[in-house]
Amino acid sequence: MSEGKPLRLLGLHGYRQSERRFRQRTGALRKALRGRAELVAVDAPHTVPGGTEDGDGDDPPRGWWFSGPGTFEAGEVAAAPAGLEESLSAVAAALAEHGPFDGLLGFSQGAALAAMVCSLRARGDPRFPVAFAVLVAGFASRAPAHSHFYREPIALPTLHVVGDADAVIAAPLSRELAQRFVEPVVLTHPGGHFIPAAAPQKKAYLDFLERFHPRQGQTEPPGAV
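Cut-offs used in this document
Residues numbered from 1 in each chain as written. Predicted model: local features only at pLDDT ≥ 70, side-chain atom pairs only at ≥ 80, totals over all residues. Heavy atoms only, no water. Helix = DSSP H or I, 4+ residues; strand = E, 2+ residues; numbered from the N terminus. Rg over C-alpha atoms; globule rule 2.2 N^0.38 Å. Buried < 20%, exposed > 50% of the residue type's maximum accessible area, 1.4 Å probe, protein only. Contact = heavy atoms within 4.5 Å. Areas by Shrake-Rupley, 256 points an atom, 1.4 Å probe, with all protein chains shown as cover. Lys, Arg positive; Asp, Glu negative; His and termini not counted. Charge placed at Lys NZ, Arg CZ, Asp CG, Glu CD. Expected span 1.5 Å × (residues − 1).

Below, the discussion takes up the overall build of the protein. On a plain count of helices and strands, the protein comes out with six helices and eight strands. Secondary structure elements in the protein, listed N-terminal to C-terminal, are β-α-α-β-β-β-α-β-α-β-β-α-β-α. Compactness check: the protein gives a C-alpha radius of gyration of 16 Å against a globular reference of 17 Å for 225 residues, within 12% of the reference. In the protein, buried positions account for 52% of the 225 residues. Residue pairs in contact within the protein that sit at least 24 positions apart in sequence constitute 76% of those at least 6 positions apart. For the protein, the accessible area works out to roughly 10300 Å², and carbon and sulfur atoms hold 52% of it. Taking the average place of the 23 positive charges on the side chains of the protein and the average place of its 24 negative ones, the gap between the two points comes to 5 Å.

Now the structure itself:
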């Protein structure tokens, strides 16, 4: 990758995680990207009801939206999903307050949210000035209220990371999300529900990010506005 300023990625954690937990679990990834990209994560705005029993009371598990009252299942055809608009506003606020960012990196529910942000960005929504996204263990929301995000192919560059042994978000769900995009790059790994950062994945991340790294004489990554 060209020498220069590292790219900046806004990280969106998974359901029942938090910014701190996400940071703790992405040490290998951040090491793999060191000098090439910086990962800055934010908390989802919603706390998971009753979630303090499985974590620190000062760092409750969080979510980006709920498919039922205080619950979430990725495969649920939710009739009344709740909380998404607040999360889209939280992402917009993070991009404005902590930016500029070049792209997004989402995991699990955070990847599903990042895909929705990509859809809005591709339609010209000025709240989301990002040029690409890395979506790990992502999926398309089954809620009819969210179907508009996938109405047309999403024309924003994406890298989709799919775990063949993922027992939380099955690989076909992540592949289905990739098919919602124009020319997605798909990286498959043999592991489960985590962000892989071994040598093969590191190479794939860096090869993808290279497309957006400013060349000598450029001040903005290709595709930035």
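The terminal C-alpha atoms of helix 4 (residues 109–122), which comprises 14 residues, lie 20 Å apart, in line with the 20 Å expected from a rise of 1.5 Å per residue. Of all 14 residues in helix 4, 13 are buried, a share of seventy percent or more. Phi for glycine 124, located one or two positions after helix 4, is positive at around 95 degrees.

Each neighbour pair has its own omega, and for glycine 99 with proline 100 the value is 10 degrees, a cis peptide bond. Here proline 100 shows up in the loop between helix 3 (84–98) and strand 5 (103–107). Positive phi, close to 60 degrees, is recorded for serine 108, a residue that is not glycine. Within the secondary structure, serine 108 is located in the loop between strand 5 and helix 4. Residue classification places serine 108 among the buried positions, given a relative accessible area of 7%. Positioned with a positive phi, alanine 137 is a non-glycine residue whose angle comes to about 55 degrees. Summarising the element assignment, alanine 137 is placed in the loop between strand 6 (132–136) and strand 7 (158–163).

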